[in-house]
Amino acid sequence: MAYQEVHIADLQPGSYVVQVLQQTGDVIVKHAGWVRTPAAIEQLRRKGVQVVLTDPEKKLEETKASPAAEPTNIDDENSSRALFSDEWPKAERALVQTQKVQRQMLDAVRHNNMIDLTLVHEVSAGLADSIARNQDVLLCLNRIAEQSDSLLQHSISCAVYMAAFARHLNMPTHKVQSLITAALLHDIGKALNPDYLQAEDYMAIPASLNALQKTANLAGEISLWISQHCAHLDGSGSPKISAGQIEKGSRMLAIVNNYEKLTSPQHSKLGPLAASRLLLERTPHKLDAELLQLFIKCIGIYPPGSVVKLTSGKLALVLENSAKKPLLPKVKIFYHSAHQHHLPARILDLSRQQEEQIDSCVDLKKYGLDVRNYI
């Protein structure tokens, strides 16, 4: 069953709220969760919430609430997150829809047409929803995806990273979606000329801005973030502006764009750990040091979808990060690199044992294997 938009006046206790769609305040849904009491709904209304997105498949049984019960806070950090297996098909649908819409946007630019903002908002919301339920699933799916169109893959990967990054920073929903849109569209001008694909990123910015400004609602902060994402904090880069003039959204987009280019399984030989170290060397002169640290913490030292070699020589696919032990994620073991044979697949939470640790990231193709066969 599809999600439903519900006006705050019609919201009922026991509803499962996925995100705030319209509001006059800055309520942040850190995790999807239930509103359990009328008092919780009234609290949202007082904070300016007008319309929310709910999952009608999830419904609490009616219970007698204590008159003194505390209203449920929708920002509760302890709200449960979706199981990896439960989120997988939903995240897959969100990613496929994003790929479809991104192709349409690239075609629109090539034919000098306006961008359909309705479609952009839908896929931005879909990515944000999936990240909110369990970000590891979408990060994993995106990393193992393979597209023949490098521009398409880069923009979608940037959008997925941005969705996770913006949510990690607890930004308001409307800001998260705008940043996802900026990530999807930051290289849109490259669709006009294949020479841009081999050129420095800043060369295509004027073409991107020209395409965006055909659609009025894209000519504000989204265009501003895109126009500055190749600027450097020391005044170099393009445009040559001071650090104080560079918007936070632009700084975030610069980090996401650089990280994706360095770690793309299709176009780079660098593993995530080496890429993070290289980006840290670019601080504070080019990239924002504080934001970069937060980004690395958000997606993990070994992001979901990475393939790693353990100290035993076994190869494993990273599935989920451990917030408390970032060097010890949950992995799926499937192959032995030294003995060169497959192993019975099993899930291992490295943070809960002491025998295995990660030795390094590996490129599975050098073993003649396709990571998509081991999901």
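Check the entry above for the structure.
Residues numbered from 1 in each chain as written. Predicted model: local features only at pLDDT ≥ 70, side-chain atom pairs only at ≥ 80, totals over all residues. Heavy atoms only, no water.

Colleague: Can you break down the overall build of the protein residue by residue, with the values?
Modeller: Within the protein one finds 10 helices and 9 strands. Dimensions along the principal axes, computed over C-alpha positions, put the protein at roughly 60 × 55 × 35 Å. Across the protein, contacts joining residues at least 24 apart in sequence account for 66% of those joining residues at least 6 apart. Working note: accessible area of the protein is about 17800 Å², and carbon and sulfur atoms make up 49% of it. Of the charged side chains in the protein, 40 are positive and 40 negative; the average position of the first set lies 4 Å away from that of the second. (Helix = DSSP H or I, 4+ residues; strand = E, 2+ residues; numbered from the N terminus. Contact = heavy atoms within 4.5 Å. Areas by Shrake-Rupley, 256 points an atom, 1.4 Å probe, with all protein chains shown as cover. Lys, Arg positive; Asp, Glu negative; His and termini not counted. Charge placed at Lys NZ, Arg CZ, Asp CG, Glu CD.)

Colleague: Give a description of the pattern of salt bridges that names residues and reports values.
Modeller: Two side chains of opposite charge can pair, provided their charged atoms sit close to one another. All told, the structure shown has 15 salt bridges when counted by the stated rule. Its salt-bridge partner being Lys175, residue Glu221 comes within 3.2 Å of it at the nearest N-O pair. Of this pair, Glu221 sits in helix 7 (residues 221-228) while Lys175 sits in helix 5 (residues 173-185), and the two are 46 residues apart along the sequence. Where Lys330 meets Glu320, a salt bridge forms, and the shortest distance between an N and an O atom there is 3.7 Å. One end of the pair, Lys330, is in strand 7 (residues 330-336); the other, Glu320, is in strand 6 (residues 314-320), and 10 residues separate them in sequence. Residue Lys330 is classed as partly exposed on the basis of its relative accessible area, which comes to 28%. (Salt bridge = Lys/Arg side-chain N within 4 Å of Asp/Glu carboxyl O. Buried < 20%, exposed > 50% of the residue type's maximum accessible area, 1.4 Å probe, protein only.)

Colleague: Quick rundown of helix 9 (residues 272-280)? Include the residues and the values.
Modeller: Turning to helix 9, its buried residues number three or more, namely Pro272, Ala275, Ser276 and Leu279. Viewed along the axis of helix 9, the buried residues span an arc of 100 degrees, placing them on a single side of the element. Buried-residue contacts for helix 9 involve helix 3 (117-144), helix 8 (248-263), helix 10 (289-299) and strand 9 (358-361). (Arc of directions from axis to C-beta.)

Colleague: Describe the environment of Ile144, naming the residues involved and giving the relevant values.
Modeller: With respect to the helices, strands and loops of the structure, Ile144 is situated in helix 3. Residue Ile144 is classed as buried on the basis of its relative accessible area of 7%. A C-alpha to C-alpha distance of 26 Å links Ile144 and Glu200, two positions 56 residues apart in sequence. Once residues lying within four places of it in the same chain are set aside, the contact partners of Ile144 are Trp88, Gly305, Val371, Arg372 and Ile375.

Colleague: Give me the packing of helix 2 (residues 84-110) against helix 4 (residues 150-168): which residues, what numbers.
Modeller: Where helix 2 meets helix 4, the axes come as close as 10 Å, and the angle between the chain directions of the two elements is 125 degrees. For the element pair helix 2 / helix 4, the angle class is oblique. Crossing geometry of helix 2 relative to helix 4 is assigned as right-handed. Counting all contacts with helix 2, which are made through Leu95, Thr98, Gln99, Gln102, Arg103 and Leu106, the residues of helix 4 involved are Leu151, Leu152, Ser155, Ile156 and Val160. (Axes fitted to C-alpha atoms, helices over the stretch in contact; angles between N-to-C directions. Parallel < 35°, antiparallel > 145°, perpendicular 65-115°, else oblique. Left-handed = near helix turned anticlockwise from the far one by under 90°.)

Colleague: For the packing of aromatic side chains, give the residues involved together with the corresponding values.
Modeller: Counted under the stated rule, the structure contains 8 aromatic pairs. An angle of 80 degrees between the planes, with centres 6.1 Å apart, marks the rings of Tyr161 and Phe295 as edge-to-face. Separated by 134 residues along the polypeptide, Tyr161 in helix 4 and Phe295 in helix 10 bring together distant segments of the chain. The exposure class of Tyr161 is buried, given its relative accessible area of 5%. Relative to Tyr367, the ring of Tyr335 lies with its centre 6.1 Å away and its plane at 65 degrees, an arrangement referred to as edge-to-face. (Phe/Tyr/Trp six-rings, centres within 6.5 Å; stacked < 30°, edge-to-face > 60°.)

Colleague: So what about the nonpolar core? Which residues, and what values?
Modeller: Leu185, Met252 and Phe334 are the most contacted members of the largest nonpolar core, which totals 80 residues. With residues near it in sequence (within four places) discarded, Phe334 still touches Val307, Leu315, Ala316, Leu317, His342, Leu343, Leu364, Leu369 and Tyr374. (Core = buried A, V, L, I, M, F, W, Y, C linked by side-chain atoms within 4.5 Å.)

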